[in-house]
Amino acid sequence: MYRIVKKKELAKNIKLIEVEAPMVAAKAAAGQFVILRIDEPGERIPLTIADFNREQGTITMIFQEVGYTTRKLGELKEGDFLADFVGPLGQPSEIEKYGRVVCVGGGVGVAPVYPIARALKEAGNEVISIIGARNRELLILEEEMRAVSDELLVATDDGSYGRKGFVTELLDEVLRRNGRVDRVWAIGPVVMMRAVAEVTRPFGIPTIVSMNPIMVDGTGMCGACRVSVGGETKFACVDGPEFDAHLVDWDLALRRLNMYREEEAQALAYHSGEGGNCRCQ
Amino acid sequence: MPVSLKKTPMPCQPPEERIRNFQEVALGYTEEQARMEAERCLQCKKAPCRQGCPVEIDIPAFINFIKQGDFESAIKKIKEKNNLPAICGRVCPQENQCEKYCTLSKKGEPVAIGRLERFVADYELARGESELPTLPPPTGFKVAVVGSGPAGLTAAADLARMGHKVTVFEALHVPGGVLMYGIPEFRLPKRIVQAEVDYIRRLGVEIRTNSVVGKMVTVDELLENGYDAVFIGTGAGLPYFMGIPGENLLGVYSANEFLTRTNLMKAYLFPQYLTPIKVGERVAVIGAGNVAMDAARTALRLGAKKSMIVYRRSAEEMPARKEEVENAREEGVEFHFLTSPVEFHGDEAGWVKRMTCIRYELGEPDASGRRRPVPVPGSEYHMEADTVVIAIGQGPNPLVLRTTPGLELTKKGTIAADEETGATSRPGVFAGGDIVTGAATVILAMGAGKKAARAIDAYLREKGRRSHG
Ligand SMILES: Cc1cc2nc3c(=O)[nH]c(=O)nc-3n(C[C@H](O)[C@H](O)[C@H](O)COP(=O)(O)OP(=O)(O)OC[C@H]3O[C@@H](n4cnc5c(N)ncnc54)[C@H](O)[C@@H]3O)c2cc1C
Ligand SMILES: Cc1cc2nc3c(=O)[nH]c(=O)nc-3n(C[C@H](O)[C@H](O)[C@H](O)COP(=O)(O)OP(=O)(O)OC[C@H]3O[C@@H](n4cnc5c(N)ncnc54)[C@H](O)[C@@H]3O)c2cc1C
Ligand code: SF4
Ligand code: FES
């Protein structure tokens, strides 16, 4: 059992939890993820490591409540326990001194970008960060990102804060303005990552995205997490989750994410209908 | 009274009923049936059956106890050698092992050794907590076991019974390996597996789930942090795909994913259990081993109207156990031989709908001694399928291998280990089970675990002598 030592609401439906898992914290690196299961009938869900504290032996995750499991996770309190927690999984981000890098985070994707930006900064890079959300209320980790970036740009879809528009528009400007950008990281919804790939492609800038396919074991045992990269099938949980954005088959990635739409709705309906302690609408 | 030429039949759920539930198909002997079957054993002096048992069970001795109605002594006799009898009695291919050598099989059917083993194991489980053997005083040595499949569990149990302190590291959230995630509930109830695992815990073995070796901790770190030896039993858990167009369409599963969702995550209880699975009306399972049979039978229970085995060789070459093929046939699984897909086609939403298959004919025998399937040019045709399960085999998972420098591998990517001892190229590191042999059987994995435990014990004692001398 793994204890939740801290919980915080960062924005509507976006929550942070910090979980005690010393062996995972000892090894965790930016770019990796964990898989957790709340209880026995529960599903195994992957969440990116948003931060880790080796001394205290904790892992921080930031998640958006999108379905049954994430909503239920959002209802847990400090002191509650998770049945299962396994990690660190996947390959760490390749942190090097590249020169000038741009880190793009969209929505809850800002959370996994944060440790990467921090590590890139520590490695001596000039870090320009671009973060975005639908509106001001949904923007997370602004201060944290600012602290690890040489420059921080913000966009909101509705213009309630920062630039009105998408992060890709800001990215395009940054690329035009700065003669040279050596690498771009982008994490967020699949459509955003795909758009980033299209913005950087003409500039020929190596671009890394973190894929979030549906997973089961997270150790290379099932193949649920297949992604197609440069025409080759990869298992995101062991070969990734980070891949070259210019080689990813985005249509496939989008389709595979929606594979269980009906079942996800059914699960939500079934469990909210039984009137237990679940407060999902 | 002359010995009957036939095995005493074992009661089963009738096919039309069982394809609608996940309960166990074979129901096991009653006491009378077990004693009747035990009566058939000739108690041969040389006991040829024993040479077919990879874990060296004294078969006539335990059968003799059953004959006398002393079931407790019977199970004790088995447990001298086998820590997982309720599992082996259900899933071992006895027809290729003990029963193959049984004297009676010259004239008729062999003694149903597997069913008898299952009977006494279940007898003990039904009576609650089983008796523990007396354990020797602790040796002070610590051993790490990686993987909790039959190889790891057997090595762990034997090492514990030799007085060593054993910790098992398991990547998944429950121990048991393929026994939990692969083999379906209707063939091997999960409570039986967990009862056997509990027995191993009670021997003093600590099992740490959610622990991926190679990620959370490496083999070298285990050796640096107080473990005197490591046994690697990580199995053959990497699913092979065919590498043909359309394989990533929605509805195309690896057998591992299909079975893991169903067995480990209990998708058949969805939405009460939260992991979903999608099964259409026409399910095509590619391959014809035990894994394929399990997938095809699982598909029926999940509601498929038609479940088909698609295999590029003929009925004779099928690697699955005869009994499993028989079970599948009874349940209505269709067999399509000498054919295999070359492409999958989907609808607009990306769901698989159809396969292009090509016919095969059998040519000269290949390395495996089976006749090689040769594609017939121009024989392509379509076959409708809205769910496809690829069950063409599994290989070694590289997580541990890649993170253990100096560990020699074979050409197949499995660990190179001594057959008798499990010793690898790294001193203090032993290996056994599917990670060494490639996908094989429960009992061979257990046999390897057993041999490795003996070798690890010898290694530790030698190490002890050297550090004291
Ligand atoms: C490597 C990785 C890292 C991730 N990191 C984060 C993160 O840091 N923060 C965050 O909010 N989300 C993250 N996700 C997504 C998160 O796992 C899903 O939102 C979650 O599983 C949804 O579960 P649910 O029951 O609440 O919703 P559901 O209603 O079950 O599903 C909602 C959507 O989530 C996706 N999803 C469903 N089940 C799974 C599954 N088992 N594995 C992966 N995706 C699934 C599907 O696209 C689905 O349409 C990550 C996913 C991956 C693969
Ligand atoms: C569907 C199916 C049906 C089968 N039916 C039969 C049958 O009827 N009869 C029969 O005799 N055999 C059968 N087999 C084969 C048999 O199950 C295997 O040969 C046997 O389980 C191998 O045992 P093992 O201990 O080597 O590995 P496994 O049972 O594969 O166990 C390996 C364990 O190691 C864990 N692991 C892997 N990597 C790591 C890591 N890095 N860190 C920590 N843990 C790790 C895995 O999660 C797993 O729990 C079947 C196999 C399948 C898949
Ligand atoms: S060979 Fe058959 S008959 Fe002879 S002892 Fe073994 S089980 Fe009994
Ligand atoms: S999640 Fe199973 S192989 Fe990646």
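Remember, it's a predicted structure, so these values are computed and weren't measured experimentally. (Residues numbered from 1 in each chain as written. Chains lettered and ligands numbered in written order. Predicted model: local features only at pLDDT ≥ 70, side-chain atom pairs only at ≥ 80, totals over all residues. Heavy atoms only, no water.)

Draft legend 1. Representation of the pairing of strand E1 (residues 142-146) of chain B. Residue and element names in this part refer to chain B. Counting buried residues along E1, four of its five residues qualify, which places the element largely inside the surrounding structure. Relative to strand E2 (residues 165-169), E1 runs parallel, the two sharing five bridges. The residue bridging Val 146 from the neighbouring strand is Phe 169, located in E2. Where the polypeptide runs from E1 across helix H8 (residues 150-161) and back to E2, its parallel neighbour, the crossover connection is right-handed. In the sheet, E1 pairs with strand E4 (residues 229-232) via four bridges, with the strands oriented parallel. Counterpart to Val 146 in the pairing with E4 is Ile 232. (Buried < 20%, exposed > 50% of the residue type's maximum accessible area, 1.4 Å probe, protein only. Helix = DSSP H or I, 4+ residues; strand = E, 2+ residues; numbered from the N terminus. Pairing = 2+ DSSP bridges. Right-handed = clockwise from strand over helix to strand, strands pointing away.)

Draft legend 2. Region of the structure containing the packing of aromatic side chains. Residues and elements named next belong to chain B. Evaluation of the coordinates by the stated rule reveals 12 aromatic pairs over all chains. Look at Phe 22 and Phe 186: their rings are 6.2 Å apart centre to centre, the planes differ by 55°, and that puts the pair in the tilted class. Residue Phe 22 is located in the loop between helix H1 (15-18) and helix H2 (31-39), and its partner Phe 186 is located in the loop between helix H9 (178-181) and helix H10 (190-202); the two are separated by 164 residues in the primary sequence. The class for Phe 22 is buried, based on a relative accessible area of 9%. Seen from their ring centres, Phe 71 and Tyr 123 are 5.1 Å apart, and the 70° between their planes marks the pair as edge-to-face. Residue Phe 71 is found in helix H4 (residues 71-79), and its partner Tyr 123 is found in helix H7 (residues 113-126); the two are separated by 52 residues along the sequence. (Phe/Tyr/Trp six-rings, centres within 6.5 Å; stacked < 30°, edge-to-face > 60°.)

Draft legend 3. Structural detail: the site of ligand 2. All names here are of chain B. Close to ligand 2 lie 35 residues; Val 91, Ala 151, Glu 170, Val 213 and Asp 434 are nearest. Here Ala 171 contributes a backbone N or O atom positioned 3.1 Å from a nitrogen atom of ligand 2. When contributions to the shell around ligand 2 are tallied by element, the ones reaching two or more residues are H8, helix H13 (290-301) and helix H17 (442-468). In terms of residue count, H13 provides more of the shell around ligand 2 than any other element does, three residues in total. Split into classes, the residues belonging to the shell around ligand 2 amount to 18 nonpolar, 13 polar and four charged. (Near = heavy atom within 4 Å. Polar contact = N/O pair within 3.5 Å; in protein donor to acceptor, adjacent residues only side chain to side chain. Nonpolar A, V, L, I, M, F, W, Y, C, P; charged D, E, K, R; others polar.)

Draft legend 4. Quick peek at the side chain of Glu185(B). Residue and element names in this part refer to chain B. Relative to the elements of secondary structure, Glu 185 occurs in the loop between H9 and H10. For Glu 185, which is buried and forms no salt bridge, the nearest opposite charge comes from Lys 190, at a distance of 5.2 Å. Side-chain polar atoms of Glu 185 contact the backbone nitrogen of Lys 190, separated by 3.1 Å. Residues within four places of Glu 185 in sequence aside, it is in contact with Phe 22, Glu 24, Lys 190, Asn 263 and Tyr 268. (Lys, Arg positive; Asp, Glu negative; His and termini not counted. Salt bridge = Lys/Arg side-chain N within 4 Å of Asp/Glu carboxyl O. Contact = heavy atoms within 4.5 Å.)

Draft legend 5. Quick look at the interface of chain B and chain A. Contact residues are listed per partner, giving 45 residues for chain B and 46 residues for chain A. Contact with chain A buries surface across chain B, with Lys215(B), Asn248(B) and Leu274(B) losing the most and accounting together for 19% of the total. Put simply, Glu262(A) and Lys278(B) hold a salt bridge, and the shortest N to O gap is 3.7 Å. Joining chain B to chain A, the criterion identifies 19 residue pairs in polar contact (both at pLDDT 80 or more). Taken together, the residues that form the side of chain B that touches chain A break down as 23 nonpolar, 14 polar and eight charged. (Buried area = accessible area lost by both parts, 1.4 Å probe.)

Draft legend 6. Local environment of the sheet that holds strand E13 (residues 183-187) of chain A. Residues and elements named next belong to chain A. Strand order across the open sheet formed by seven strands is E12-E11-E10-E9-E13-E14-E17, with mixed pairing between neighbours. Among the strands making up the open sheet, the edge pair consists of strand E12 (163-164) and strand E17 (242-244). Summarising the sheet, strand E10 (residues 126-133) and strand E11 (residues 151-156) pair through six bridges and their orientation is parallel. Paired with Ser 129 across the strands is Leu 152, a residue of E11.

Draft legend 7. Local environment of the packing of H4(B) against H7(B). Residues and elements named next belong to chain B. Following both chains from N to C, one finds H4 and H7 inclined at 110°, their axes separated by 9 Å at the closest point. Considering their axes alone, H4 and H7 lie roughly perpendicular with respect to each other. Here H4 contributes Phe 71, Glu 72, Ala 74, Ile 75, Ile 78 and Lys 79 to the contact with H7, which in turn contributes Glu 117, Phe 119, Val 120, Ala 121, Tyr 123 and Glu 124. When grouped by side-chain class, the residues that make up the contact of H4 with H7 number eight nonpolar, no polar and four charged. (Axes fitted to C-alpha atoms, helices over the stretch in contact; angles between N-to-C directions. Parallel < 35°, antiparallel > 145°, perpendicular 65-115°, else oblique.)

Draft legend 8. Spotlight on the pairing of E10(A). Residues and elements named next belong to chain A. A large share of E10 lies buried, amounting to seven of its eight residues. Where strand E9 (residues 100-106) lies against E10, seven bridges are found, and the strand directions are parallel. Residue pairing for E10: Gly 106 is matched across the bridge by Gly 132. Since E9 and E10 lie parallel, the crossover through helix H3 (residues 110-122) that links them has a hand, and here it is right-handed. In this fold, the crossover linking E10 to E11 by way of helix H4 (residues 142-147) has right-handed handedness.

Draft legend 9. The packing of helix H3 (residues 59-67) of chain B against H4(B), seen in detail. Residues and elements named next belong to chain B. Contact pair H3 / H4: the axes reach a minimum separation of 7 Å and the direction vectors enclose 170°. Relative to H4, the element H3 lies roughly antiparallel. Here H3 and H4 pass one another in a crossing that is left-handed. Contacts between H3 and H4 involve Ala 61, Phe 62, Phe 65 and Ile 66 from the first element and Phe 71, Ser 73, Ala 74, Lys 77 and Ile 78 from the second. Its residues assigned to classes, the contact of H3 with H4 comprises seven nonpolar, one polar and one charged. (Left-handed = near helix turned anticlockwise from the far one by under 90°.)

Draft legend 10. A look at the side chain of Asn21(B). Residue and element names in this part refer to chain B. Looking at the secondary structure, you find Asn 21 in the loop between H1 and H2. Asn 21 sits in the buried class, given a relative accessible area of 16%. Among the polar contacts listed, one links the side chain of Asn 21 to the side chain of Gln 13, at a separation of 2.8 Å. Excluding anything up to four places from it in sequence, Asn 21 contacts Gln 13 and Arg 301.

Draft legend 11. Spotlight on helix H5 (residues 167-177) of chain A. Residues and elements named next belong to chain A. For H5, the full list of buried residues reads Val 167, Thr 168, Leu 170, Leu 171, Val 174 and Leu 175. When H5 is viewed along its axis, its buried side chains cluster within an angular range of 155° and face the same direction. Buried residues in H5 make contact with E9, E10, E11, E12 and helix H6 (190-200). (Arc of directions from axis to C-beta.)

Draft legend 12. Quick look at the sheet that holds strand E3 (residues 33-37) of chain A. Residue and element names in this part refer to chain A. A sheet is described by the order of its strands in space; here three strands give the open sequence E4-E3-E8, paired in antiparallel fashion. The open sheet has two edge strands with one neighbour each: strand E4 (45-48) and strand E8 (84-89). With strand direction ignored, the average angle separating the axes of adjacent strands in the sheet is 25°. Where E3 lies against E8, four bridges are found, and the strand directions are antiparallel. Counted as the bridge partner of Leu 36 is Phe 85 from E8.

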